[in-house]
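Reading the structure
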Amino acid sequence: MAMPLLLVALTLSFLPHTQSKLTAAYYDKSCPPLKSIMGDIISTKQIEDPTTAAATLRLFFHDCMRDADINLSLSGSSFDLITRAKTAIEIQCPDTVSCADILAIATRDLIVMVGGPFYDVRLGRKDGLISQSSRVDGNLATSSMSVSEIISLFAAKGFTTQEMVALSGAHTIGFSHCKEFSRRIYNFSKASDFDPSYNPNYAEALRKLCANYTTDTGMAAFNDVVTPSKFDNMYFLNLKKGLGLLSTDQALYTDSRTKPFVDLYAQNQTAFFQDFAHAMEKVSVYNIKSAESKGEIRRGCDCFNNVKTS
């Protein structure tokens, strides 16, 4: 479940009336138990399924960056977490807390729970009323893109190259399916069976792991082979050793525009945490709609209240 490079996920649409009205204290009066409810459910779910943090982070990023509203077919740990939280919150605070805000809170809290940085989450979003699959293409980076393409994609959304590299550090948790990097480990070229930018021992291990990936499509590898369940700067240290799982990962260390930031974050985890937190705050308010935009507080996060998808 690599983020942001893999899998189209449930999207909940970030539609506050205006960005300026977002505030961390938005629900302090309307739903005082929100924090405790979220804390209990998040902790329980992460303990039950350690993949929840990575899945929810990926979902959050896709929700913000793809500029689409909802995919009703998502299943998995992140969807289950949001559904559990929404159900519990509706009992205590009916028609009050948006699914988009629940996702934003859950993402931050899970990052912290697995060792990552705390950052403020401004609340007050509404859930959107539109679902269009056509909004996906061109809004998310893929594992087949070049560094130039990814830099351009982020730049078009107002993000710097350094912010892109910092956000890529989210691959310090989670995993990617073998099909996403199979071209790097099988029949890479006439000169080499695997991509020579891989550490040879790592490449051989991946070749063995993914040997049956065409028949067992669930085969996957950790994005960070050293500390896969801990949010830290190991992702960047791995790139320096040829342990970048996806081609888009390893390319960050070979491209002169991104390598300085890889070196910085590999050497200084504090710098990575600070820049990642800042970039996540920026992602969370990306493409906030104007006051004229209409949204709703969904009663269930997998469907609209009264409007069918279009």
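Predicted model only: the values in this text are computed from it and were never measured.

Okay, the layout of surface pockets next. Approximately 380 Å³ is the volume found for the largest pocket. Ala24, Lys35, Ile105, Arg108 and Leu123 are, among the 16 residues lining the largest pocket, the residues nearest its centre. It is helix H1 (residues 34–48) that contributes the most residues to the lining of the largest pocket, four residues altogether. For the lining of the largest pocket, the residue count by class is 10 nonpolar, one polar and five charged.

Looking at where Tyr186 falls in the secondary structure, it is placed in the loop between helix H7 (182–185) and helix H8 (200–209). A relative accessible area of 22% places Tyr186 in the partly exposed class. Spatially, the C-alpha atom of Tyr186 lies 9.5 Å from that of Ala203, the residues being 17 residues apart in sequence. For Tyr186, the residues in contact, after removing those within four places along its chain, are Asp193, Leu206, Arg207, Cys210, Ala211 and Tyr213. Within polar-contact distance, the side chain of Tyr186 engages the backbone oxygen of Arg207 at 2.6 Å.

Under the criterion given, the structure shown has 14 salt bridges. With its nearest N and O atoms 2.9 Å apart, the salt bridge here joins Lys86 to Glu90. Taken together, the positions of Lys86 and Glu90, both in helix H3 (residues 77–92) and four residues apart, correspond to about one turn of that helix. What makes Glu90 buried here is its relative accessible area of 15%.

What follows deals with unusual backbone geometry. The backbone of Asp95 sits at a positive phi, close to 55 degrees, despite the residue not being glycine. Within the secondary structure, Asp95 is located in the loop between H3 and helix H4 (99–113). Positive phi is not limited to glycine here, since Asn187 has a value of about 50 degrees. Take Asn187: it is sitting in the loop between H7 and H8.

Time to look at the confidence of the model for the chain. Per-chain confidence: the chain averages 86 in pLDDT, with 83% of residues scoring 70 or above. Taken together, the stretch residues 1–12 has pLDDT below 50 and engages in 75 contacts with residues farther than four places along the chain or on a different chain. Segment residues 67–75 is flagged for pLDDT under 50; beyond a separation of four residues in sequence, or across chains, it makes 40 contacts in the model.

Below, the discussion takes up H8. Residues Tyr202, Ala203 and Leu206 constitute the buried set of H8. Take H8 and look down its axis: the buried residues cluster within an arc of 100 degrees, on one side only. Facing away from the buried side of H8 by over 90 degrees, the exposed positions are Asn201 and Lys208. As for H8, its buried residues are in contact with H7 and strand S2 (220–222). One side-chain oxygen of the residue at the start of H8 lies 3.0 Å from the amide nitrogen of Asn201, identifying that residue as Asn199.

Reading guide: rules and limits
Counting restarts for each chain, with residues numbered from 1 along the sequence as it is written. Only residues with pLDDT of 70 or above have their local features reported here, since the model is predicted, and side-chain atom pairs are shown and tallied only from 80 upward, although totals for entire chains, interfaces and linings are computed over all residues. Neither water nor hydrogens contribute to the side-chain values; these are computed over all heavy atoms in the structure. A cavity here means a set of points on a 1 Å grid, drawn over the protein atoms and nothing else, where a 1.4 Å probe fits but cannot get out; a pocket is an open set with protein on both sides within 12 Å along at least five of seven lines, and a residue lines either one if it has an atom within 4 Å of a point. Grid points are joined across faces, edges and corners, and a volume is the space filled by probe spheres set on the points. Secondary structure follows DSSP: runs of H or I at least 4 residues long count as helices, runs of E at least 2 residues long count as strands, and numbering of each begins at the N terminus. Gly falls in the polar group here, along with every residue not listed as nonpolar (Ala, Val, Leu, Ile, Met, Phe, Trp, Tyr, Cys, Pro) or charged (Asp, Glu, Lys, Arg). The cut-offs for exposure are 20% and 50% of the maximum accessible area for each residue type, with area from a 1.4 Å probe on protein chains only; residues under the lower value are buried, those over the upper are exposed, and the others partly exposed. It only takes one pair of heavy atoms within 4.5 Å for two residues to be counted as in contact. Polar contacts here mean pairs of N or O atoms no more than 3.5 Å apart (in protein, one a potential hydrogen donor and the other a potential acceptor; neighbouring residues in sequence count only if both atoms are side-chain atoms). For salt bridges, the criterion is a side-chain nitrogen of Lys or Arg within 4 Å of an Asp or Glu carboxyl oxygen. A residue's pLDDT is simply how confident the predictor is in it, with values from 0 to 100. Each direction from the helix axis to a C-beta atom contributes to the arc, which is the arc of those directions.

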